[in-house]
Amino acid sequence: MGCPKYGLNINPSKTQILMNKYVTRSDIDILNTRIEISQKVKYLGRTFADDGSLTEEVARRIRAGWAAFNAIRRELLQSPQKTRIRLLTTTVIPAMTYGCETWTSKEADTKRLQRAVSNMFEIAGCDPPDMEKQVLRRKLKWAGHVSRMKYDRWAKIVSEWDPRGSARPRGRPPKRWADDIKDSIKIFIHNEALRGNLGHGRRRIGILEARRAWSTVGRDRVTWRSLVRSIQDGN
């Protein structure tokens, strides 16, 4: 093992292995200890599942949201509505959307998140936000940041990496992280075209190229901010 050479020590009892279905499973021993192969692993506040699902992570986010809500519940219910909305937006929503920039969420996951948020805001007497837009807006902000990174950054490498290296299997393909981003860009282009705001020349070409690569338009801060704002405004 090369870790001690660089001053790194591994505790086998605290180490777990997460494998997806594309990896040939085999036993791994470190320091004469068999490492546990888990179906889900918690790392840096996020739960990762071997099948890539978000079911457990969304459940954790909902629990975190209720914990944040109950921590301020007494003060919340005694505050004016404007203050209540601000408290919920700055405490509960961040707890429920932590790490959502990397989510590939299904409709069922979004509905569960929305139901929980709606219940909290109903107790507080406020109108709930659209959680699908909340998650998408955060995801788009992160995608724009990644698209402007240098090519040697790990976040950019893994975002554009094709881990399978082969054709997809038959049937409906699994949803990819970038699918929501591509769909948002298509809708944005369509709406901008209806408004006659696509412009001409280099700017127009840059927007249209985004149909083929989401990172193309992400390099243009002005255009990307307009895209994020369109999600925020509900357009």
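Everything numeric in this text was worked out from a predicted model, so none of it was measured.

### Quick word on the packing of aromatic side chains
Both the distance between ring centres and the angle between the ring planes are used here to describe each pair of aromatic rings.
Alright, step 1. Applying the stated criterion to the full structure yields 1 aromatic pair.
Alright, step 2. With 5.6 Å between their ring centres and 85° between their planes, W66 and F69 make a pair best called edge-to-face. Note that W66 and F69 are positioned in helix α1 (residues 55-71) at a spacing of 3 residues, about one turn of the helix.
Alright, step 3. On the basis of relative accessibility, which here comes to 25%, the residue W66 falls in the partly exposed class.
Alright, step 4. Of note, R46 hangs over the ring of F48, and the distance from its end group to the ring centre comes to 4.7 Å.
Alright, step 5. Across the ring face of Y151, the terminal group of K156 is positioned such that the distance to the ring centre comes to 5.0 Å.

### Some thoughts on the packing of α1 against helix α3 (residues 81-96)
Alright, step 1. Look at α1 against α3: their axes get within 7 Å of each other, and the N-to-C directions meet at 155°. By the criterion of interaxial angle, the relationship of α1 to α3 is roughly antiparallel. Like other packed secondary-structure pairs, α1 and α3 cross with a definite hand, here right-handed. Residues R61, I62, A64, G65, A68 and F69 of α1 touch α3, and the partners they reach there are L88, T91, V92, A95 and M96.
Alright, step 2. The residue makeup of the contact of α1 with α3, split by class, is 8 nonpolar, 2 polar and 1 charged.

### A word on α1
Alright, step 1. An ideal rise of 1.5 Å per residue puts 24 Å on 17 residues; α1 measures up with 25 Å between its terminal C-alpha atoms.
Alright, step 2. Residues of α1 that are buried: E57, V58, A59, R60, R61, I62, G65, A68 and F69.
Alright, step 3. Buried residues along α1 sit in contact with β5 (40-43), β6 (46-49), α2 (73-77), α3 and α4 (107-124).

### Things to note about a nonpolar patch on the surface
Alright, step 1. Together, L18, Y43, L44 and F48 make up a nonpolar patch on the protein surface, roughly 410 Å² of accessible area in all.
Alright, step 2. With respect to the secondary-structure elements, Y43 resides in strand β5.

### Considering the pairing of β6
Alright, step 1. Strand direction decides the pairing type here: β5 and β6, joined by 4 bridges, are antiparallel. Bridge assignment links Y43 to a residue of β6, and that residue is R46.

### A look at a positive patch on the surface
Alright, step 1. A contiguous patch of positive charge on the surface is contributed by R148, R221, R225 and R229.
Alright, step 2. As for its position among the elements, R148 is in the loop between α5 (131-147) and α6 (154-159).
Alright, step 3. Overall, the relative accessible area of 30% leaves R148 in the partly exposed class.

About the thresholds
Residues numbered from 1 in each chain as written. Predicted model: local features only at pLDDT ≥ 70, side-chain atom pairs only at ≥ 80, totals over all residues. Heavy atoms only, no water. Phe/Tyr/Trp six-rings, centres within 6.5 Å; stacked < 30°, edge-to-face > 60°. Helix = DSSP H or I, 4+ residues; strand = E, 2+ residues; numbered from the N terminus. Buried < 20%, exposed > 50% of the residue type's maximum accessible area, 1.4 Å probe, protein only. Lys NZ or Arg CZ within 6 Å of the ring centre and 35° of its normal. Axes fitted to C-alpha atoms, helices over the stretch in contact; angles between N-to-C directions. Parallel < 35°, antiparallel > 145°, perpendicular 65-115°, else oblique. Left-handed = near helix turned anticlockwise from the far one by under 90°. Contact = heavy atoms within 4.5 Å. Nonpolar A, V, L, I, M, F, W, Y, C, P; charged D, E, K, R; others polar. Expected span 1.5 Å × (residues − 1). Patch = residues over 30% accessible without salt bridge, like charges linked within 9 Å, V, L, I, M, F, W, Y side chains within 5 Å. Areas by Shrake-Rupley, 256 points an atom, 1.4 Å probe, with all protein chains shown as cover. Salt bridge = Lys/Arg side-chain N within 4 Å of Asp/Glu carboxyl O. Pairing = 2+ DSSP bridges. Lys, Arg positive; Asp, Glu negative; His and termini not counted. Charge placed at Lys NZ, Arg CZ, Asp CG, Glu CD.

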